[in-house]
Amino acid sequence: MKVRAVYPGSFDPVTNGHIYIAERAAAVFDEVIVSVLVNSNKQSTFTVSERCEMAQEALKHVKNITVDNFDGLLIDYARREKANVIIRGLRAMSDFEYEFQMALMNRKLAPEIETFFIVTDPKYSYVSSSSVREIFSFGGSVKDVVPDFVFRKLQEHFKK
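To keep things clear, this report deals only with the structure shown in the data block. Every chain is numbered on its own, with residues counted from 1 as its sequence reads. For this predicted model, a pLDDT threshold of at least 70 governs which residues receive local features, and a threshold of 80 or more governs which side-chain atom pairs are given and counted, while totals over whole chains, interfaces and linings are taken from all residues. As a rule here, side-chain values cover all heavy atoms of the structure and leave hydrogens and water aside.

A helix here means a DSSP run of H or I that spans at least four residues, while a strand means a run of E at least two residues long, and both kinds are numbered starting from the N terminus. For the chain, the count of helices and strands is 6 helices and 5 strands. The order of α-helices and β-strands along the chain, N terminus first, is β-α-β-α-β-α-β-α-β-α-α. Along the first, second and third principal axes, the C-alpha set of the chain runs to 45 × 30 × 30 Å. Any residue under 20% of the maximum accessible area for its type is buried, any over 50% is exposed, and the rest in between are partly exposed; the area is computed with a 1.4 Å probe on protein chains only. Looking at the chain residue by residue over its 160 residues, the buried ones come to 44%. Residues count as neighbours in contact if any of their non-hydrogen atoms are within 4.5 Å of one another. At a minimum sequence separation of 6, the contacts of the chain that also span at least 24 residues come to 77%. The Shrake-Rupley method, run with a 1.4 Å probe, gives the accessible areas here. Residue values count only the displayed protein chains as cover. Carbon and sulfur atoms provide 53% of the accessible area of the chain, an area that totals close to 9,000 Å². Only four residue types enter the tally: Lys and Arg on the positive side, Asp and Glu on the negative side; His and the chain ends are excluded. Lysine's charge is taken at NZ, arginine's at CZ, aspartate's at CG and glutamate's at CD. Positive and negative side-chain charges of the chain, numbering 21 and 21 respectively, have mean locations separated by a distance of 2 Å.

Written out as C-alpha cells, the structure is:
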C-alpha cells in the first residue's frame, strides 16, 4: 500500500526549515503533498499562488513531492487527497503542545489518518515564517534561512 502524506502550512514564505521537514518526509513516505493553507482569517504577506510557486521552486529537486493549496478543514482535504498521514514539523516543546492537541483532534475526526511529527534540524529551530518576515522588514539578514529565490521575493515584496 502506498503511503501518501500531506505536509500543510502557511509557508509565508517557505523557509529552509520547511524544506528540511519536506525532504525528510519524502524520504519516509511514497508521496508527499506540500499543501499551502488558504486562511481567509489571516492576512498573508504573499498570495497563495506566490507561496505555492516558492514551495515548488524550493522542492523541485524532490521527485515524490507535489505542491497544492487548500482551505477548510485539513482532515477534509487529506481525505479528498487520499492521504494516510499528516506531517507536522516540530521546532520546540511549545510546538509540540499545540501540535499534540491538533493531532488528537484530527484523530477524533479521522482515526484512519495518522499524524507524523518530524523534528527539525537544530540549526532551524528558531526559524519561522513570521520571524523571517519581521526581521527582513526591519532590514535584518535572513539570507541564511531562506532559499535565494525566496530572498529575492522578499526584496521585491518589501520594496513596494
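All right, on to unusual backbone geometry then. With the exception of glycine, the majority of residues adopt a negative phi angle, and the majority of peptide bonds are in the trans configuration. Cis geometry is adopted by the peptide bond preceding Pro13, which originates at Asp12 and carries an omega value of 5°. Within the chain, Phe11 stands out as a residue other than glycine whose phi angle is a positive 50°. Non-glycine residue Lys82 carries a positive phi angle of around 60°. Locating Lys82 in the fold gives a position in the loop between helix H3 (74–80) and strand E4 (85–90).

Salt bridge, as used here, is a side-chain nitrogen of Lys or Arg placed within 4 Å of a carboxyl oxygen of Asp or Glu. Under the criterion given, the structure shown has 11 salt bridges. A salt bridge links Arg133 to Asp12, with the nearest nitrogen and oxygen atoms 3.7 Å apart. Of this pair, Arg133 sits in helix H5 (residues 129–137) while Asp12 sits in the loop between strand E1 (4–9) and helix H1 (16–28), placing them 121 residues apart in sequence. Across this residue pair, the class does not change: Arg133 and Asp12 are buried.

Attention shifts here to the nonpolar core. Side-chain atoms within 4.5 Å link the members of a nonpolar core, which is a set of buried Ala, Val, Leu, Ile, Met, Phe, Trp, Tyr and Cys residues. Ranked by size, the top nonpolar core spans 35 residues in total, and within it Val32, Val34 and Ile87 carry the most contacts. Those elements that place two or more of their residues in this core are E1, H1, strand E2 (31–37), helix H2 (48–59), strand E3 (65–70), E4, H5 and helix H6 (148–159). Listed in part, the 11 residues of the second largest apolar core include Val6, Leu74, Ile86 and Ile113.

Before going further, it helps to examine the sheet that holds E3. Here we have 5 strands laid out as an open sheet, ordered E3-E2-E1-E4-E5, and parallel in their pairing. Each having just a single partner strand, E3 and strand E5 (114–119) make up the two edges of the open sheet. When strand polarity is set aside, the average angle formed by the axes of neighbouring strands in this sheet is 30°. At least two DSSP bridges between two strands are needed for those strands to be called paired. Alignment of E1 against E2, held across 6 bridges, turns out to be parallel. When the bridges of E2 are listed, Ala5 appears paired with Val32. For helices, the fitted line uses only the C-alpha atoms of the stretch in contact; every axis is such a line through C-alpha atoms, and the angle between N-to-C directions lies from 0 to 180 degrees. This element, H2, spans E2 and E3 of the sheet and lies at about 170° to E3. Lying on the sheet, helix H4 (residues 93–109) is in contact with E4 and E5; it crosses E5 at an angle near 165°.

The next thing to look at is H6. The end-to-end C-alpha distance of H6, which contains 12 residues, comes to 17 Å, matching closely the 16 Å that a straight helix rising 1.5 Å per residue would cover. For H6, the set of buried residues is Phe149, Val150, Phe151, Lys153 and Leu154. Buried-residue contacts for H6 involve H2 and H5. Expected helix span is taken as 1.5 Å per residue step, with the number of steps being one fewer than the number of residues.

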